[in-house]
Amino acid sequence: MYGNDFSAPGDAPDDMPGAGLLGEVEAAEAELRAAAARERRGGPAPDEDLAAYFTEVVDAEQKIEPRDWMPEAYRRTLIRQIAQHAHSEIIGMQPEGNWISRAPSLKRKAILLAKVQDEAGHGLYLYAAAETLGISRDELVQLLLDGKQKYSSIFNYPTLTWADVGAIGWLVDGAAIVNQVPLCRCSYGPYARAMIRVCKEESFHQRQGYEILHTLAHGTPEQQAMAQDAVDRWWYPSLAMFGPPDGDSTHSTQSMAWKIKRFSNDDLRQRFVDMCVQQAEILGLRIPDDGLRWNEERRAYDYTQPDYDELMQVIKGNGPCNRERMAHRRAAHADGAWVREAAAAYAAKRADKREKVAA
Amino acid sequence: MNGPFAFALGLGDDALIAAQRLAEWTTRAPEMEEDIALANIALDQLGAARLLLSYAGELEAAGRDEDALAYLRDDREFLNALLVELPNGDFAVTMAKLFFLAAYQLPLYTALASCPDERLAAIGAKARKESAYHLDHGALWVRRLGDGTEESHRRMQDAVDHVWPYTHELFAADPAAPVDPAGLRAAFDETVGPVLAEATLTRPERGWAPTGGRKGVHTEHLSYLLAEMQVLHRAHPGAQW
Amino acid sequence: MSNEHSPLWEVFVRARRGLSHTHVGSLHAPDAELALRNARDLYTRRQEGVSIWVVPAGAITASSPDEKDSFFDPAADKVYRHPTFYEVPDGVAHL
């Protein structure tokens, strides 16, 4: 029954984003199958240069699989990126989870609960994808709890009103999808496959957020104000989700060569802005940017950049909710320790009993 | 209040308050997989609550829908059993609550599935499959915690002792109801006894048996739960969401 | 490398009658019973399956001539972790 309240894809308003993006996810999936079906010679010869073979596979748009040889830096880059992505899903449950208990109708409560649950599922898919690279989930979780790995800085902003749940769905999930759809074509097979599944589920998330804002924007004056306030607060942090401008981005060039990343931060940000303008019009909400205007020459919108100094501060741990989010995660982990120990002890006892019976 | 309306309302309130409590675990479960499982159960309870409250609203025929019943009644008008409103406590308390509730809801919904009221029968038929899963999940953890470590055993026994008195109210006789809860006690005992034994837990003696939920006389906890659940809805009278 | 208390399990789901079980992903659980329950919750939230298998990842022996094992020694014949996260392809019902 989970997720029954989400509109079916066909029910979404025509103006909804995602239809095109979902098409891209499906294209990526088809590409994955096509790549798998393509003729290619078998594995590397015994004395072949493994690095050259790796490059050949990547250049041929084939997938790298867990036990293939890969450059150590490729492996490390993927672990860092996939883990950060997984942590983001898990920490990202908190700001929206904050409103489950107060959701204003039972239908909204059910949808939000299912959505936040999906995020836990996405976190688990991603941790499992990272584990194929030779690191355990326990280790990754510990890196998060120790503050040695990051999660998306967007989740360090607070959800102050119900409309924030809508704004997160529309803008934050929207930005995440724009970021993630190209990852469905990532050169690393397990990550690409995990992202296909994640993106398919995410498109529903964005729809539910859009629907919440649409309802509020067409509701009472108080609801309209609540919706506009949420968009005002979430717009620039959402733009910042694409990372620093291309000139300042440290990981981009190599990641593009490895086909982990397919588009630059600025390209994706532009794509997101272009997508949002029309959607905002239909919502009847204003994007808080006086510099926003169509540039006929570029065939794209000019827009005001987010405050990257603020982004850096939030990444460094100085956002409004960094401390709370981490404290919450650490507390849940620590409070659950006795339960995990009990389950392990029980499993060990049962295994002992079985061995004795067998002997 | 009595009759079918109060009956449907009571069951709907059980499911709604149980869902609200279970959903409090979101982002806090002992393991990420368990976060998902608890959300599943909360979603099941919420789904059943919506069906039961909608039907109660129709029976009442006073124009109240599921949201009017969930958000615009005060605690004295809620008819849930006290068990579901108890705070979550630690994971053991939550599992004790889940296990006992499911051991009651499963035979209840099963009986309801063959009652003459078609709507209630349909709800029962759907919900009993879900209850079977909840019971399975609750029993699975009661066994693990009871027969796990010394600490988990102590916590699980404390939890059983704490929640047990509240189980008696579930089976208070109501001969006029579509299903008389008094008739479900035997099935409950047959389910609960072996699991507690296998979990090396002691079944409490029958003693204190708090009651009042079905008459709208609750613990102090319910009012806080409702204050949180209802605050936004009530702040915007008549608004659509 | 593997989690001591909560080992890895591989999950196989039969999407519909007439199809074989297909690998959909992996998860952690302390024992088989929990692994099965977790698999239901994680991989069939949208009713993707009618039957689930869970297999301890360590119990699978793999042959993969196309792969060069670079860091999973010494157990080169173990699949370890091969999440598929893949919905069972449609259109393969004509078995």
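Residues numbered from 1 in each chain as written. Chains lettered and ligands numbered in written order. Predicted model: local features only at pLDDT ≥ 70, side-chain atom pairs only at ≥ 80, totals over all residues. Heavy atoms only, no water.

Colleague: Can you walk me through the overall build of chain A in this structure?
Modeller: On a plain count of helices and strands, chain A comes out with 14 helices and 2 strands. Over its C-alpha atoms chain A spans a radius of gyration of 22 Å, differing by no more than 12% from the 21 Å that the globule rule assigns to 359 residues. With the C-alpha coordinates of chain A rotated into their principal frame, the extents come out at 75 × 55 × 40 Å. Within chain A, counting contacts between residues at least 6 apart in sequence, those at least 24 apart form 78% of the total. For chain A, the accessible surface area stands at approximately 14000 Å², while carbon and sulfur atoms represent 52% of it. Each charge class in chain A can be summarised by its mean position, and for the 43 positive and 53 negative side chains these summaries are 7 Å apart. (Helix = DSSP H or I, 4+ residues; strand = E, 2+ residues; numbered from the N terminus. Rg over C-alpha atoms; globule rule 2.2 N^0.38 Å. Contact = heavy atoms within 4.5 Å. Areas by Shrake-Rupley, 256 points an atom, 1.4 Å probe, with all protein chains shown as cover. Lys, Arg positive; Asp, Glu negative; His and termini not counted. Charge placed at Lys NZ, Arg CZ, Asp CG, Glu CD.)

Colleague: Looking at this structure, how should I read the environment of E89(A)?
Modeller: All names here are of chain A. In this structure, E89 sits in helix 3 (residues 72-91). Taking relative accessible area as the criterion, E89 reaches 6% and is therefore assigned buried. Spatially, the C-alpha atoms of E89 and G284 are 30 Å apart, while their sequence positions differ by 195 residues. Once you skip the residues sitting within four places of it in the chain, E89 turns out to touch E119, H122, G123, L126, Q180, V198 and E202. (Buried < 20%, exposed > 50% of the residue type's maximum accessible area, 1.4 Å probe, protein only.)

Colleague: Please clarify how the interface of chain B and chain C should be interpreted in this entry.
Modeller: With 10 residues of chain B at the contact, the number on the chain C side is 11 residues. Here chain B meets chain C over a buried area of about 1000 Å², counting both sides, of which 49% is carbon and sulfur. For the pair chain B and chain C, the number of links is 4 salt bridges. Between E33(C) and R143(B) there is a salt bridge, with its nearest N and O atoms 2.8 Å apart. Taken together, chain B and chain C are joined by 6 residue pairs in polar contact (both at pLDDT 80 or more). (Buried area = accessible area lost by both parts, 1.4 Å probe. Salt bridge = Lys/Arg side-chain N within 4 Å of Asp/Glu carboxyl O. Polar contact = N/O pair within 3.5 Å; in protein donor to acceptor, adjacent residues only side chain to side chain.)

Colleague: Explanation requested: the nonpolar core in the structure shown.
Modeller: The nonpolar side chains of soluble globular proteins are, as a tendency, buried together. If you look at the biggest cluster of nonpolar residues, it comprises 205 residues, and the most contacted ones within it are W162(A), Y188(A), F100(B) and L145(B). What L145(B) contacts, discounting residues up to four positions off in sequence, is W338(A), V339(A), A342(A), F91(B), A92(B), M95(B), S152(B), H153(B) and M156(B). (Core = buried A, V, L, I, M, F, W, Y, C linked by side-chain atoms within 4.5 Å.)

Colleague: When you look at the side chain of Q157(B) in this model, what are you seeing that I'm missing?
Modeller: Residues and elements named next belong to chain B. Within the secondary structure, Q157 is located in helix 7 (residues 150-163). Given a relative accessible area of 13%, Q157 falls into the buried group. From its side chain, Q157 meets the backbone nitrogen of T202 in a polar contact 2.7 Å long. The residues contacting Q157, other than those within four sequence positions of it, are L201 and T202.

Colleague: Mind showing me how you'd approach the pattern of salt bridges here?
Modeller: Side chains that differ in sign of charge can pair as their charged atoms come close. Taken as a whole and judged by the stated rule, the model has 43 salt bridges over all chains. Across the salt bridge formed by E66(B) and R50(B), the nearest N and O atoms sit 3.0 Å from each other. A residue pair is termed long-range when its members are at least 10 positions apart, and E66(B) in helix 3 (residues 66-71) and R50(B) in helix 2 (residues 32-60) qualify at 16 residues. As far as the burial class goes, E66(B) and R50(B) line up, both buried. R155(B) is paired through a salt bridge with D90(B); the nearest N and O atoms lie 3.0 Å apart. With R155(B) in helix 7 and D90(B) in the loop between helix 4 (82-85) and helix 5 (91-112), the pair connects residues that are 65 residues apart, well separated along the chain. Here the residues in one salt-bridge network are K349(A), R350(A), D136(B), R143(B), R144(B), D147(B), E198(B), D31(C), E33(C) and R37(C), joined through shared partners.

Colleague: Before we go on, may I ask you to explain the packing of aromatic side chains in this structure?
Modeller: Each aromatic ring pair is characterised by the separation of its centres together with the angle its planes make. As enumerated under the stated definition, the model contains 20 aromatic pairs over all chains in all. Centroid distance Y157(A) to W234(A): 6.3 Å. Interplanar angle 65 degrees. Geometry classified as edge-to-face. Here the residue Y157(A) occupies a position in the loop between helix 6 (137-145) and helix 7 (162-180), and W234(A) occupies one in helix 9 (residues 221-240), the gap between them amounting to 77 residues. We classify W234(A) as buried; its relative accessible area is 2%. Measuring from centroid to centroid gives 5.0 Å for W294(A) and Y301(A), while their planes differ by 75 degrees, and the two rings are edge-to-face. Residue class for W294(A) comes out partly exposed when judged on its relative accessible area of 37%. Connected via pairs of aromatic rings, a cluster forms that spans F99(B), F100(B), Y104(B), W164(B), F171(B) and F188(B). Lying across the ring of W99(A), R102(A) places its NZ or CZ 3.7 Å from the centre. The lysine or arginine in question, R40(C), covers the ring of Y133(B), its NZ or CZ lying 3.6 Å from the ring centre. (Phe/Tyr/Trp six-rings, centres within 6.5 Å; stacked < 30°, edge-to-face > 60°. Lys NZ or Arg CZ within 6 Å of the ring centre and 35° of its normal.)

Colleague: I'm lost on helix 7 of chain A in this one. Help?
Modeller: For an α-helix the count is 3.6 residues per turn, leaving residues at separations of three or four pointing the same way. Residues and elements named next belong to chain A. Helix length check: helix 7 (19 residues) gives 26 Å between terminal C-alpha atoms against 27 Å at 1.5 Å per residue, within 8%. The largest bend in helix 7 is about 35 degrees, located at I168. Extensive coverage of helix 7 is indicated by the burial of 18 of its 19 residues. The opening residue of helix 7 is T161, an N-cap whose side-chain oxygen sits 3.2 Å from the backbone nitrogen of A163. (Expected span 1.5 Å × (residues − 1). Bend = angle between axes of the 7 residues up to and from the residue.)

Colleague: Teacher, can you tell me more about the confidence of the model for chain C here?
Modeller: Low-pLDDT portions of the prediction should not be read for the details of their coordinates. Residues and elements named next belong to chain C. Summing up the model confidence of chain C, the mean pLDDT is 71 and the portion of residues at 70 or higher is 59%. Of all helices and strands in chain C, the one with the weakest mean pLDDT is strand 2 (residues 22-28) (90), whereas strand 3 (residues 51-56) scores best (93). Of the regions scoring below 50 in pLDDT, residues 69-83 engages in 58 contacts with residues more than four places distant in sequence or in other chains. Throughout residues 86-95 the model reports pLDDT below 50, and contacts reaching past four residues in sequence, or to other chains, amount to 20 contacts. (pLDDT = per-residue confidence, 0-100.)

Colleague: Could you clarify how one ought to interpret the interface of chain B and chain A in this entry?
Modeller: Note: interface size is frequently given as the accessible area lost on complex formation between the parts. Listed per partner, the contact involves 51 residues of chain B and 49 residues of chain A. Of the roughly 4400 Å² buried where chain B meets chain A, counting both sides, 65% is carbon and sulfur surface. When the area that chain B buries against chain A is broken down by residue, the three leading residues are T27(B), M32(B) and W241(B), summing to 18%. Between the two partners, chain B and chain A, sit 5 salt bridges.

Colleague: Sorry, what's going on with the packing of helix 2 of chain B against helix 6 (residues 118-146) of chain B here?
Modeller: Helix-helix packing is characterised by the crossing angle of the two axes and by the distance between the axes. All names here are of chain B. Contact pair helix 2 / helix 6: the axes reach a minimum separation of 11 Å and the direction vectors enclose 155 degrees. One element, helix 2, and the other, helix 6, form an angle in the roughly antiparallel class. Helix-helix and strand crossings are classified by hand; for helix 2 and helix 6 the assignment is left-handed. Where helix 2 approaches helix 6, its residues E34, A37, I41, D44, Q45, L51, L52, Y55 and E58 are matched on the opposing element by R119, L120, I123, K126, E130, Y133, H134, H137 and W141. Taken together, the residues of the contact of helix 2 with helix 6 sort by class into 9 nonpolar, 3 polar and 6 charged. (Axes fitted to C-alpha atoms, helices over the stretch in contact; angles between N-to-C directions. Parallel < 35°, antiparallel > 145°, perpendicular 65-115°, else oblique. Left-handed = near helix turned anticlockwise from the far one by under 90°. Nonpolar A, V, L, I, M, F, W, Y, C, P; charged D, E, K, R; others polar.)

Colleague: Just checking my understanding: could you explain the sheet that holds strand 3 of chain C for this structure?
Modeller: Across a sheet, strands are paired by hydrogen bonds formed along the backbone, either parallel or antiparallel in direction. Residues and elements named next belong to chain C. Within the open sheet, the 3 strands sit side by side as 2-1-3. Their pairing is antiparallel. The two strands at the open ends of the sheet, each matched to only one other strand, are strand 2 and strand 3. Averaged over all pairs of adjacent strands, the angle between their axes in this sheet comes to 30 degrees, without regard to strand direction. Here strand 1 (residues 8-14) runs beside strand 2; their pairing, made up of 6 bridges, is antiparallel. Looking across to strand 2, one finds that W9 is bridged to L27. Each of strand 1, strand 2 and strand 3 is contacted by helix 1 (residues 32-43), which is oriented at about 115 degrees to strand 2, the strand it contacts most. (Pairing = 2+ DSSP bridges.)

Colleague: Honestly, the packing of helix 5 (residues 106-131) of chain A against helix 6 of chain A in this entry has me stumped. Any pointers?
Modeller: Residue and element names in this part refer to chain A. One can describe the packing of helix 5 onto helix 6 by two numbers: an axis separation of 9 Å at closest approach and a directional angle of 115 degrees. Viewed along their axes, helix 5 and helix 6 adopt a mutual orientation that is roughly perpendicular. When the axes of helix 5 and helix 6 are compared, the crossing they make is right-handed. Contacts between helix 5 and helix 6 involve L124, Y127, A130 and E131 from the former and R137, L140, V141 and L144 from the latter. Its residues assigned to classes, the contact of helix 5 with helix 6 shows 6 nonpolar, no polar and 2 charged.

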